[in-house]
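As a plain string of letters, each chain reads:
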Amino acid sequence: VNSTDHDLKDLIDRHLKWPSDLAFTAARDRVRKQLLETPAHLQTARVADAPSSIPMWRMAAAVAVVVIVVIGTAIFWPRGVQAYAAGDDGLQVTLADDSSVEMRAHAEMTVGRAADGIQIRLADRRHHRLRVQAARRAPVRADQGHDGVGRWNGISGKRR
Amino acid sequence: MPAAAVRQDDSLPEDLEQLFQEHSRLVYRTAFAVTGSRHDAEDVLQSVFVKLLQRGLPPDARSNAARYLHRAAVNLSLNVLRNRKRRRLVDDVELLEIPAAQGGEHDEARMREESERLTKAMTQLTPRALEILLLYYKQGDSTAQIAGRLGTSRSVIAVTLFRIRARLRGLLKEGKP
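About the thresholds
- Residues numbered from 1 in each chain as written.
- Chains lettered and ligands numbered in written order.
- Predicted model: local features only at pLDDT ≥ 70, side-chain atom pairs only at ≥ 80, totals over all residues.
- Heavy atoms only, no water.
- Core = buried A, V, L, I, M, F, W, Y, C linked by side-chain atoms within 4.5 Å.
- Buried < 20%, exposed > 50% of the residue type's maximum accessible area, 1.4 Å probe, protein only.
- Helix = DSSP H or I, 4+ residues; strand = E, 2+ residues; numbered from the N terminus.
- Expected span 1.5 Å × (residues − 1).
- Arc of directions from axis to C-beta.
- Axes fitted to C-alpha atoms, helices over the stretch in contact; angles between N-to-C directions.
- Left-handed = near helix turned anticlockwise from the far one by under 90°.
- Contact = heavy atoms within 4.5 Å.
- Nonpolar A, V, L, I, M, F, W, Y, C, P; charged D, E, K, R; others polar.
- Pairing = 2+ DSSP bridges.
- Buried area = accessible area lost by both parts, 1.4 Å probe.
- Salt bridge = Lys/Arg side-chain N within 4 Å of Asp/Glu carboxyl O.

Caption draft 1: Focus on the nonpolar core. Grouped together as the largest cluster of nonpolar side chains are 32 residues, with contacts concentrated most on Leu35 of chain A together with Val27, Tyr28, Val44, Val48 and Phe49 of chain B. Elements that contribute at least two residues to this core include exactly α2 (21-37) of chain A together with α1 (14-35), α2 (38-55) and α3 (65-83) of chain B. Judged by nonpolar contacts, the second largest core, of 30 residues, contains Leu81, Leu118, Leu150 and Ile157 of chain B.

Next up, the structure:
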């Protein structure tokens, strides 16, 4: 036992007190009476359990990180390149991998990356206005728009 | 003990009655030591036994009810401390009698400030640390006795006490004006 120990013990003895027998007996009797008189399901603990072992600052930090990730993803996530055939003649587009896409007039598409190559998403919801010629066999895939019917034909494109 | 459902008119369910008779003093004393208030200690005592009445004693606590109830009292007392800014109830005789008649207002203010620092420091300890602190410094248990109570080794308690002391010293220094 060193002086630090003594100091701490003195401090604790000065400020942390035991109750008197009288105080304990009175409290015990009151609590017991209440336990007896009130049905168990109607009793409420006067002191609630600790809400959570996770400190508030950690919760706040976790929420902040999630928000930052969501916003960052929304801003920087590659959404691909949009192409729109504005004229009446249509448009033929050659992609980076030498695939070609033939677009009819006013057709619209988005070209983006997919896990297995390039993904073409049709924005045209009424007609099939694209023809795609893949440079390689597997990696090119044409997807439909939200409610359109996209189709990947593999037909050779030609300039209109 | 299963959750108590059946009760005689004049007594608690048998198991609960036994726990109440044997351990209510331990719960109340612990809560009083930590909170410094009769009212809060009674609230803790009530809460511990209401929970026992409704939920029963957890299976893993049946072999050492005293240990479970002591920890429950420490946990709830810490909740009380954390949920209140140090109140000074006029009818809390125990609080008011601490500084009395030893050296006037200056000493009284110093004692109050010291008490508040200790309370604040205690709220930042873990329930286990506070439990060990109380057993060692307040109850006067040896490290071997505490180890026996908590189901661990004496050396673990010795190391834990060393860390608690260091932490408490730091916290008390932080709180110095």
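Caption draft 2: Looking closely at helix α8 (residues 154-174) of chain B. All names here are of chain B. Counted at 1.5 Å a residue, the expected span for α8 with its 21 residues is 30 Å, and the 30 Å between its end C-alpha atoms agrees. Listed in full, the buried residues belonging to α8 are Ile157, Thr160, Leu161, Ile164, Arg165, Leu168, Leu171 and Leu172. An end-on view of α8 places all buried positions within 145 degrees of arc, on one side of the element. Summarising the geometry of α8, the exposed residues directed more than 90 degrees from the buried face are Phe162, Arg163, Lys173 and Glu174.

Caption draft 3: Here's a closer look at the packing of α1 of chain B against α2 of chain B. Residues and elements named next belong to chain B. Between α1 and α2, whose axes approach to 8 Å, the crossing angle comes to 145 degrees. α1 and α2 meet at a crossing whose hand is right-handed. When α1 is examined against α2, the residues Leu16, Leu19, Phe20, Ser24, Val27, Tyr28, Ala31, Phe32 and Thr35 are found in contact with a partner set consisting of Arg38, Asp40, Ala41, Glu42, Val44, Leu45, Val48, Phe49, Leu52 and Leu53. In terms of residue class, the contact of α1 with α2 is built from 14 nonpolar, 2 polar and 3 charged.

Caption draft 4: View of the sheet that holds strand β6 (residues 130-133) of chain A. Residues and elements named next belong to chain A. Taken in spatial order, the 3 strands make up an open sheet running β2-β3-β6, and their pairing is antiparallel. Of all strands in the sheet, those with a lone pairing partner are β2 (91-94) and β6, marking the two edges. Taking the axes of each pair of neighbouring strands and ignoring which way they run, one obtains an average angle of 15 degrees across the sheet. In this sheet, β6 lies alongside strand β3 (residues 100-103) in antiparallel orientation, the contact comprising 4 bridges. The partner of Ser100 across the bridge, within β6, is Gln133.

Caption draft 5: Seen up close, the interface of chain A and chain B. Taken together, the contact between chain A and chain B spans 37 residues of the former and 50 residues of the latter. Here chain A meets chain B over a buried area of about 4,200 Å², counting both sides, of which 63% is carbon and sulfur. Taken together, the links from chain A to chain B amount to 6 salt bridges. For Glu114 of chain B, the salt bridge identified is with Arg14 of chain A, shortest N-O distance 2.9 Å.

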